Amino acid sequence: MIRVKLLSLTVASVLLVGLPAAASAAPDPLAGYENQQLTWAACPFSAGAAKPAQCALVTVPRDWAAPASGVDMKVQISRVAATGASLGAILVNPGGPGGQGSSLAGALASLEPSVSARYDFIGMDPRGTGHEGGTKPEDQGVLCNVPTGRLPVGVMDASDRSAASIAAHQQVPRAIAEACQSLAASPFLTTWQTAHDMDLIRQLLGQAKLNYLGYSYGTWLGAKYASLFPASAGKIVLDSSVNWQGRLLADFEDFPVIDQRQFDDVYVPWLTRNAPDVFGSTTDVVHQKWQQVRDYYKAHGVSPDNFNGAFVGMGSKFAWLLATAVFENGVKALGGAATAPVALQSQLDTAFGKPMAAVTTADVSAALQPDYTQISDVRIGVACGDQPTRSAAWYKALSDRQGPKYPLFGWAYGISESCGFWSDAPRQTLPTLPPSVAKNVLVVQGEFDPQTGYDLFPRGRRGGAGRQPDLRRRLAVPRSVRADRQPLRRRHGQRVPAGQLAAGQRGVSGRAAHGRGSGVPGARPGQDAEVGGTVVRAGGGPVGSA
């Protein structure tokens, strides 16, 4: 129960003059929240091909540690009722931190009709993310307004290790941290608070236990819910897991490793197979052309950081196409005359909303320009507020170590992490998963997931005590890789043949830390599409989200 997790309430004894002593119990500050009635209505977002859902607003205290403070927040949830006799509710989360999840319930219910027949799918827009589809001011998420005057100007290249370059790069995370830390809501946009919202939702739904399916950051949220409320946790599925027994920021700190691996082992070989006349028939040639294109754009005013960023976290079809279109445009600007195969070229021609022949360097620069002026406070609040943070100096040293090994994002990440400038200590401590619920946890991990690498999978396992979760896993292997790749080497003691394909990547909605998204609108979680023969999952999270 929620009340068990909160500070005990005092009972005041009041002596009335001339009368026997009488005890006056303080009013229960949780009664109003636990007794509220949910009003279900049509959701404000379009269902599209997904099953239609009903939505409701849940009133939650801004601070579960002090629910009597009188300050509330409203969280939107959705419901797709089971088509048959319900066995319970499954709450779903798309990741982030900062992803809205109310539309995910209908998407997953339509993808898994056999599960939807027996379980109610429950979506949720976590506190601070706003209300998906809503257009009123109160439907918008909590945003950090970063003063543009605090941001650097000019071409930015993190591989430039001069003192002036490092100082300019660090202006951005410092300005973001200070802007977000000044907001009154920031201390309450944490996993601890959201987990308490989830248990209130469980109670309002009349469920003895809450089943859960979470992706990426959602694995952290689900594991912490089960750790805080073990008696209320049902079946827990953690897909594309972060190190949910250790440090959440470990996932972000591994982005350079993860993204370099995807770029070198998946993306570049895919180019050699699908458009060798444009990009090169060997990986060495592709890498050489990529560097030449990067230098070309830099000479024409496009920051190398922004160019590199197009190839980081390519978890959606749209992000994949945009990066490839940017690359192809540069190749042609340098004199390349070849055209990609018709099937692929027709898709690349949609990346900028016009044929590639009409795309200019200015179009590329505009598409890759990050928007730092309004940042989602949820990513910053969760990542920097859940656990103690490390210093800006530590992150600078991380950049120094990772850059030479993982140049795609290694130079940039460490000197762009806002948590290095976060000064507030966490208000609560998040526990690890107890052995009593570990047997009900299934972990799923993909080898080439672009943002939650399999490296984090065994760390989450080792972090717990007692009986470990079910560690069965599946590998997300692109189709074009399956066709010509030898059986995969052993990972964590299990050998998976190259012919086995399962969707181990996850979708993330919402904008990311530092305002960088895929650059192409319309990506929705859970949609698979083929790009030149490669299966790519739409909805992959932007840089800085998991």
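Residues numbered from 1 in each chain as written. Predicted model: local features only at pLDDT ≥ 70, side-chain atom pairs only at ≥ 80, totals over all residues. Heavy atoms only, no water.

When its secondary structure is counted, the protein chain shows 21 helices and 14 strands. In the protein chain, which comprises 546 residues, the share counted as buried stands at 57%. For the protein chain, the share of sequence-separated contacts (at least 6 apart) that also reach a separation of at least 24 residues comes to 76%. For the protein chain, the exposed area adds up to about 21,400 Å²; of that, 55% sits on carbon and sulfur atoms. (Helix = DSSP H or I, 4+ residues; strand = E, 2+ residues; numbered from the N terminus. Buried < 20%, exposed > 50% of the residue type's maximum accessible area, 1.4 Å probe, protein only. Contact = heavy atoms within 4.5 Å. Areas by Shrake-Rupley, 256 points an atom, 1.4 Å probe, with all protein chains shown as cover.)

The next point concerns the side chain of Thr 190. Checked against the element boundaries, Thr 190 lands in the loop between α5 (163-181) and α6 (191-204). When neighbours within four sequence positions are excluded, Thr 190 is seen to be in contact with Gly 381, Val 382, Gly 385 and Asp 386.

Looking at the protein chain, the pLDDT average stands at 83 and 79% of residues meet or exceed 70. The low-confidence segment residues 4-22, where pLDDT is below 50, has 22 contacts with residues more than four positions distant or belonging to other chains. Segment residues 463-544: pLDDT under 50, and 240 contacts once partners within four positions in sequence are set aside and those in other chains are kept. (pLDDT = per-residue confidence, 0-100.)

Tyr 267, Phe 311, Phe 327 and Phe 352 are the most contacted members of the largest nonpolar core, which has 116 residues in total. Contact partners of Phe 327, with chain neighbours within four places excluded, come to Tyr 267, Leu 271, Phe 279, Val 286, Lys 289, Trp 290, Val 293 and Phe 311. Residues Cys 43, Val 80, Leu 108 and Ala 109 belong to the second largest nonpolar core, which totals 15 residues. (Core = buried A, V, L, I, M, F, W, Y, C linked by side-chain atoms within 4.5 Å.)

As summarised here, the arrangement of the 8 strands in space is β3-β4-β5-β7-β6-β9-β10-β12, forming an open sheet in which the pairing is mixed. Strands at the two margins of the open sheet, each flanked by one partner only, are β3 (41-42) and β12 (441-444). In this sheet, strand β10 (residues 233-239) lies alongside strand β9 (residues 210-215) in parallel orientation, the contact comprising 5 bridges. Paired with Tyr 215 across the two strands is Asp 239, which belongs to β10. Of the strands in this sheet, β5 (72-80), β6 (89-93), β7 (120-124) and β9 are in contact with helix α3 (residues 104-111), which crosses β7 at around 150 degrees. Its contacts with the sheet place helix α7 (residues 217-228) against β6, β9 and β10, and it is angled at close to 155 degrees to β9. (Pairing = 2+ DSSP bridges. Axes fitted to C-alpha atoms, helices over the stretch in contact; angles between N-to-C directions.)

Further remarks concern the packing of α6 against α7. Where α6 contacts α7, the axes come no closer than 9 Å and their chain directions differ by 70 degrees. With respect to each other, α6 and α7 are oriented roughly perpendicular. α7 is crossed by α6, and the crossing has right-handed handedness. In contact with Thr 191, Trp 192, Thr 194, Ala 195, His 196, Met 198, Asp 199 and Arg 202 of α6, α7 contributes Tyr 217, Trp 220, Leu 221, Lys 224, Tyr 225 and Leu 228. Residues that form the contact of α6 with α7 fall into these classes: 8 nonpolar, 3 polar and 3 charged. (Parallel < 35°, antiparallel > 145°, perpendicular 65-115°, else oblique. Left-handed = near helix turned anticlockwise from the far one by under 90°. Nonpolar A, V, L, I, M, F, W, Y, C, P; charged D, E, K, R; others polar.)

Judged by how many residues are buried, α3 sits mostly within the fold: 6 of 8 residues are covered. Where α3 is buried, its residues contact β5, β6, α4 (113-116), β7 and β9.

Summarising burial for β9: 6 of the 6 residues are buried, a large majority. The side-chain alternation of β9 yields two buried faces, one formed by Leu 210, Tyr 212 and Gly 214 and the other by Asn 211, Leu 213 and Tyr 215. By the bridge criterion, 4 bridges tie β6 to β9 in an arrangement that is parallel. Bridging across to β9, Ile 90 finds its partner in Asn 211. Read as a crossover between parallel neighbours, the route from β9 over α7 to β10 is right-handed. (Right-handed = clockwise from strand over helix to strand, strands pointing away.)

Applying the stated rule across the entire model yields 20 aromatic pairs. When the centroid spacing of 5.6 Å and the interplanar angle of 40 degrees are considered together, the rings of Tyr 297 and Phe 307 count as tilted. With Tyr 297 in helix α11 (residues 283-299) and Phe 307 in helix α12 (residues 304-309), the pair connects residues that are 10 residues apart, well separated along the chain. We note that Tyr 297, like Phe 307, is buried. By way of ring pairs, the aromatic residues Phe 263, Tyr 267, Trp 270, Phe 279, Trp 290, Tyr 296, Tyr 297, Phe 307, Phe 311, Trp 320 and Phe 327 are connected into one cluster. Across the ring face of Trp 40, the terminal group of Arg 79 is positioned such that the distance to the ring centre comes to 4.1 Å. The ring centre of Trp 220 lies 4.6 Å from the NZ or CZ of Lys 224, which sits over that ring. (Phe/Tyr/Trp six-rings, centres within 6.5 Å; stacked < 30°, edge-to-face > 60°. Lys NZ or Arg CZ within 6 Å of the ring centre and 35° of its normal.)

Within the structure shown, the criterion is met by 4 cavities of 30 Å³ or more. Looking at the second largest cavity, its volume works out to about 60 Å³. Lining the second largest cavity are 13 residues, and of these Gly 98, Pro 126, Tyr 217, Val 378 and Val 382 lie nearest its centre. For the lining of the second largest cavity, a count of residues per class yields 6 nonpolar, 6 polar and 1 charged. (1 Å grid on protein atoms, 1.4 Å probe; cavity = no way out; pocket = protein on both sides within 12 Å on 5 of 7 lines; lining within 4 Å. Points joined across faces, edges and corners; volume = space filled by probe spheres on them.)

This part covers helix α17 (residues 392-405). Two residues of an α-helix separated by three or four positions point the same way, owing to the 3.6 residues in each turn. Here α17 contains 14 residues, and its C-alpha end-to-end distance of 20 Å stays within 8% of the 20 Å for a straight helix at 1.5 Å per residue. By the burial criterion, the buried members of α17 are Ala 392, Tyr 395, Leu 398, Ser 399, Gln 402 and Gly 403. The arc that holds every buried residue of α17, seen down its axis, measures 125 degrees, which confines them to one face. In α17, the exposed positions angled more than 90 degrees off the buried face are occupied by Ala 393, Pro 404 and Lys 405. On its buried face, α17 is in contact with α5, α8 (249-253), α9 (255-274) and α18 (410-414). (Expected span 1.5 Å × (residues − 1). Arc of directions from axis to C-beta.)

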